Amino acid sequence: PVLLRDGLKTILFNEFGAAPVTWPQLVRRETSNKEQEVYVELAPMGTMPRVGEGTEYPKINPLGLPSVSIRNFKYGDIFAITEEMIKFDKTGLMRQLAEDQANRAAQTIEEAVYDLLFATANYTRTTSDNNIGNNTNATTFSAQGFELAYSTLTTMQDRRSGRYYGVQPDTLVISPRLQWAAYQLFRSQGIQWGTGNTTSVIYGAGNVNPMYGVIKNIIVSPQVIRAGSNYGWLLMQSRKAAVYQEVEPLQLAVQGLDRIEDEGRFLYDEIRYRVRVWFGVGMGNDRFAYLSSSTTAPAIG
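Chemist: Account for the packing of aromatic side chains, with residues named and values stated.
Modeler: With the rule as written, the count across this model stands at 12 aromatic pairs. When the centroid spacing of 4.7 Å and the interplanar angle of 15 degrees are considered together, the rings of Tyr 75 and Phe 279 count as stacked. Pair noted here: Tyr 75 is in strand S4 (residues 73–82) and Phe 279 is in strand S10 (residues 270–283), with a separation of 204 residues, a long-range link. Sitting above the plane of the Trp 278 ring, Lys 74 keeps its charged end 5.2 Å from the centroid. In this structure, Arg 187 packs its charged tip against the face of Tyr 183, placed 4.1 Å from the ring centre.

Chemist: Describe the pattern of salt bridges, with residues and values.
Modeler: Taken as a whole and judged by the stated rule, the model has 13 salt bridges. Between Arg 287 and Asp 129 there is a salt bridge; the shortest N-O distance is 3.9 Å. Of this pair, Arg 287 sits in the loop between S10 and strand S11 (289–292) while Asp 129 sits in the loop between helix H3 (91–117) and strand S5 (136–137); the two residues are 158 residues apart in sequence, bridging distant segments of the chain. Arg 287 sits in the buried class, given a relative accessible area of 5%.

Chemist: For the sheet that holds S11, give the residues involved together with the corresponding values.
Modeler: Within the open sheet, the 5 strands sit side by side as S5-S11-S8-S6-S7. Their pairing is mixed. The open sheet has two edge strands, S5 and strand S7 (217–220), and neither has a second partner. Packing against the sheet, helix H4 (residues 143–154) makes contact with strand S8 (233–236) and S11, and its axis sits at approximately 40 degrees to S8.

Reading the values: rules and limits
Here the residue numbering is sequential within each chain, running from 1 through the sequence in written order. Local features in this predicted model are restricted to residues of pLDDT 70 or higher, and side-chain atom pairs are both shown and tallied only at a pLDDT of 80 or more, whereas totals for entire chains, interfaces and linings draw on every residue. Processing note: side-chain calculations cover all non-hydrogen atoms of the structure and skip hydrogens and water entirely. A pair of aromatic rings is counted whenever rings of Phe, Tyr or Trp (Trp by its six-membered ring) have centres within 6.5 Å, and the orientation is called stacked for planes under 30 degrees apart, edge-to-face for over 60 and tilted otherwise. Secondary structure follows DSSP: runs of H or I at least 4 residues long count as helices, runs of E at least 2 residues long count as strands, and numbering of each begins at the N terminus. To sit over a ring, a charge needs its Lys NZ or Arg CZ within 6 Å of the ring centre and within 35 degrees of the ring normal. One side-chain nitrogen of Lys or Arg within 4 Å of one carboxyl oxygen of Asp or Glu is enough to make a salt bridge. Remark: exposure states derive from per-residue accessible area (1.4 Å probe, protein chains only) relative to the maximum for the residue type, with buried under 20%, exposed over 50%, and partly exposed in between. If DSSP finds at least two bridges between two strands, the strands pair. Note on definitions: a residue-residue contact is assigned when non-hydrogen atoms from the two residues lie within 4.5 Å. In this description, a line fitted to the C-alpha atoms serves as the axis of each element, helices being fitted only across the stretch in contact, and the angle between N-to-C directions of two axes falls anywhere from 0 to 180 degrees.

Here it is, written out as structure tokens:
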């Protein structure tokens, strides 16, 4: 019984840790001990006023931004191992069950984060918050589209004081449909002019790609398609916009190993395992992200 418990637990946690997820690169991670956490952020104040000789320093009154509430939820289910699986040494099947449960738990968190980040309703910034416009549009992925998103984020400012947040976009999240266009845009050092069409070059008459290496962290995930669209994309400053709060990490509870009186063990000759994750996700400050819900293929040129 002890080997069965510890062996499956090792498999479960090792597989969970090795699961190919990207959410830790995207969201800020916090711990939580409440059903719902409230986050309050201080609004940036304006620049300091000039103080003349013999003049009293003015007193400042810090103001908070509207608070953000993030609720926690439990996710989990139960899988069973029968006595036949143990007696007849079906270890391969037991291992697959444990590995699959671990991957399901990891993907549950991954999907929750992507559903949050690719929901257009979570992006509310306008020209009142920056010098360009809304931080969500159906922007086609291209050099022009990237320039629009980048400028929108880097000019984010406080509505009252006008002070810039200093957003520095460093992460691009895309679907596999945009992977090669993104690599071409950010990993090509030079610009190739079209034959007889030099007047169409956008950034002057040079032959160096000014966007080379600007975004180094390019995350390619099919979750973008599931949560958004084939050609949707997200530009952001990593771990600034959204929050993942964890009540408890991955858990494995075992029933029926040591007691024949257990209902499942007595009626069905089975040992039941409950796998659970308990967390919440929410948008903390969407000034640090720009979402495109484009359904149009990329345009490079």
